[in-house]
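Now for the letters of each chain:
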Amino acid sequence: MKTAVEIANDVQTGATTAVAQLDAAYVAIEARNAELNVFLHLDKEGARKIAQAIDARVAAGENIGPLAGVPIAIKDNLCQTGIPTTCSSKILEGWKPPYNATVIDRLVAAGAVPVGKTNLDEFAMGSSTENSAFGPTRNPLDPSRVPGGSSGGSAAAVAGDMTSISLGSDTGGSIRQPAAFCGIVGMKPTYGLVSRYGLIAFASSLDQIGPFSKTVMDSAVLLEAIAGHDPLDSTSLPEPSPSLVSHVNDGVAGKRIGLVKELYEGADESVINAVMGAVAALKEAGAQIVELSIPELRLGLSAYYLIAPAEASSNLARFDGVRFGLRVDAEDVTAMMEATRTAGFGAEVKRRIMLGTYALSAGYYDAYYGQALKVRTLTINAFQKAYAQVDMLIGATTPGVAFKFGAKSDPMEMYLNDVFTIPTNLAGDPAVSVSFGKGEENLPIGVQLLGPGRSEASLYAAARVLEIADGRS
Ligand code: GLN
């Protein structure tokens, strides 16, 4: 399938139309959606209106924007006016947001056409999309395997050639891990770079929205279109969207790149081989490789599984049967709330709410939540120390390739899949996963590049070197 850059160029020059691109996207979606369960909702009418308006503007000689007429898939935890937004939870049944997330407005302003909402782990809690109340998404590369999670639907939409680009959210790895499992590019931007207005909150000190795409260039184009200050999000960085596209082909000559032991040790042999292959390719392109050990990163997972559930327990208190979606009637208000939350939330969400409530309770706050915050500070300091020595870090995205359904039935095993992605979220720094090499059964492997805050341009330049070295020009 064509890249977003190619589609936008074809629409702008009149070689194709936005409506034709949209029709083609729906044909591709309908061919495989029953099997793969990628989309929970398609907005055919709304998308057609947007596409028709673009075609009219092209005909009038207007310059549409970098994503002119490009169909895009949207993770179903992002609000779009009047379109069901479920977070893959029964608790939001029937709820339609009265407003657009800022990223939706920015996409449309850049010419993109949102086609529908993609499946995820309920409230973005999970690493396989098996926690969706609406059934799992299947990996388009091997439908007996998971696409990763929580943004599994958005990754599968791109890997399955339904759309060239999509949006996901990453709290502990939910963009990078599914990108790795589906053989595509996934970027978790710097905390605050992309407005989260209209993203349904999971863990507010960690959540970020970011792009999926087949190519590094498409990722840069998409991120540039959605990034930049938004007065509607108080955590949004104060500056406008950075220049990313113009740096994609900068290369890595003279860059110092830290190969971090803790970001690949314990991974499958094929994954370690891929990381070493990527390191060799970067060296070949002129980078200087420095071997590093950052032991603090080993503590990240434990700290995350206290901080994220603690914040989730607070954020999810708003789903009470009064304000949104589902209500299960009962004799009084307390009983109604209990019945609603019992029926509306799935097992993993309930587990997180209980863990988080416990970690925040008066008697245990210092021992659990307080302690986790100290570990978070240690992680931030350790990354800063590393970035004083090197420009960026490299490691694996995941310990292995996409696993089979049901393979990680123990929650702890599932959590361990995020061991390499979580530390970056704790620090608020950006990281990108780019497909590099193949593992068992010819399944893709993701290599992760991490950098200090606002280093997206350098990360894309390095990812582009790997994309070329892996044989994708
Ligand atoms: N898999 C991690 C979790 O379950 C991360 C999820 C995410 O990034 N949204 O919490």
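The following paragraphs examine the structure supplied in this document. (Residues numbered from 1 in each chain as written. Predicted model: local features only at pLDDT ≥ 70, side-chain atom pairs only at ≥ 80, totals over all residues. Heavy atoms only, no water.)

1. As for the overall build of the protein chain
Counted only if it meets this: Comment: elements are numbered from the N terminus, with helices defined as DSSP H or I runs of at least four residues and strands as E runs of at least two. Here the radius of gyration uses the C-alpha set of atoms, whereas the globule reference equals 2.2 Å times the residue count to the power 0.38. In this scheme, a residue with accessible area under 20% of its type's maximum is buried, one over 50% is exposed, and one in between is partly exposed, where area comes from a 1.4 Å probe on protein chains only. Contact definition: two residues touch when any of their heavy atoms are within 4.5 Å. Only the protein chains shown count as covering a residue, and every accessible area follows the Shrake-Rupley method with a 1.4 Å probe. As used throughout, the charge tally considers Lys and Arg to be positive and Asp and Glu to be negative, leaving His and the chain termini uncounted. All charge positions are set by atom: Lys at NZ, Arg at CZ, Asp at CG, Glu at CD.
Along the protein chain, the regular secondary structure elements total 15 helices and eleven strands. The globule rule puts the C-alpha radius of gyration for 473 residues at 23 Å, and the 21 Å found for the protein chain is close to it. Once the C-alpha set of the protein chain is aligned to its principal axes, its extents read approximately 65 × 55 × 45 Å. Of all 473 residues assigned to the protein chain, the portion counted as buried reaches 59%. When contacts within the protein chain are restricted to residue pairs at least 6 apart in sequence, long-range pairs at least 24 apart make up 75% of them. Entry remark: accessible area of the protein chain is about 17000 Å², with carbon and sulfur atoms responsible for 53%. Charge centroids of the protein chain, computed over 38 positive and 50 negative side chains, lie 1 Å from each other.

2. Quick word on the packing of aromatic side chains
Note the cut-off: Ring pairs are drawn from Phe, Tyr and Trp, using the six-membered ring of Trp, whenever the two centres fall within 6.5 Å, and their geometry is named by plane angle: stacked under 30 degrees, edge-to-face over 60, tilted for the rest. As a reminder, the over-ring test applies to NZ of lysine and CZ of arginine, requiring each to be within 6 Å of the ring centre and within 35 degrees of the ring normal.
According to the stated counting rule, one finds 13 aromatic pairs in the structure shown. Ring geometry for F319 against F324: centres 5.5 Å apart, planes inclined by 50°, an arrangement best described as tilted. On the basis of relative accessible area, F319 is assigned to the buried category, the value being 2%. Classification of F324 as partly exposed rests on a relative accessible area of 22%. A centroid spacing of 6.1 Å and a plane angle of 40° characterise the contact between Y364 and Y368, whose relative ring orientation is tilted. Feature note: the residues W95, F123, F319, F324 and F345 constitute an aromatic cluster, connected by ring pairs. Its guanidinium or amino end placed over the ring of Y26, K44 lies 5.5 Å from that ring's centre, counting from NZ or CZ. Of note, K408 hangs over the ring of F403, and the distance from its end group to the ring centre comes to 5.0 Å.

3. What about the environment of G344?
Mapped onto the elements, G344 comes out in helix α10 (residues 333-344). Sequence separation between G344 and G153 is 191 residues; the distance between their C-alpha atoms is 21 Å. With residues up to four places along the chain from it excluded, the contact list for G344 reads S89, K90, I91, E122 and L326.

4. What to know about the side chain of R196
The line we're drawing: Whenever a nitrogen or oxygen atom comes within 3.5 Å of another N or O atom, the pair is scored as a polar contact, on the condition that within protein one atom can donate a hydrogen and the other can accept it, and that pairs from neighbouring residues in sequence are kept only if both atoms are in side chains.
With respect to the helices, strands and loops of the structure, R196 is situated in the loop between β5 (185-188) and β6 (208-213). For R196, a relative accessible area of 12% puts it in the buried group. Polar side-chain contacts of R196 include one of 2.9 Å to the side chain of Y191. Apart from the residues within four sequence positions on either side, R196 is in contact with Y191, S204, D207, Q208, I209, D233 and T235.

5. Description of the sheet that holds strand β2 (residues 71-75)
The cut-off we apply is this: Strand pairing is assigned whenever DSSP identifies at least 2 bridges connecting the two strands. Interaxial angles span 0 to 180 degrees and are taken between N-to-C directions of axes, which are lines fitted to C-alpha atoms, for helices over the stretch in contact.
Strands sit in the order β1-β3-β2-β4-β6-β5-β10-β11-β9-β7-β8 across an open sheet of eleven strands; the sheet is mixed. One side of each edge strand has no neighbouring strand; the edge strands of this open sheet are β1 (39-42) and β8 (288-292). Each strand of the sheet is rotated relative to its neighbour by a mean of 30°, with strand direction disregarded. Relative to β6, strand β4 (residues 165-170) runs antiparallel, the two being bridged by six bridges. By the bridge assignment for β6, D170 is matched with Q208. Strand contacts of helix α4 (residues 102-109): β2, β3 (113-118), β4 and β6, with the helix running at about 175° to β2, the strand carrying the most contacts. Contacting β7 (256-260), β8, β9 (392-396) and β11 (444-450), helix α12 (residues 366-389) crosses the sheet at an angle of about 115° to β9.

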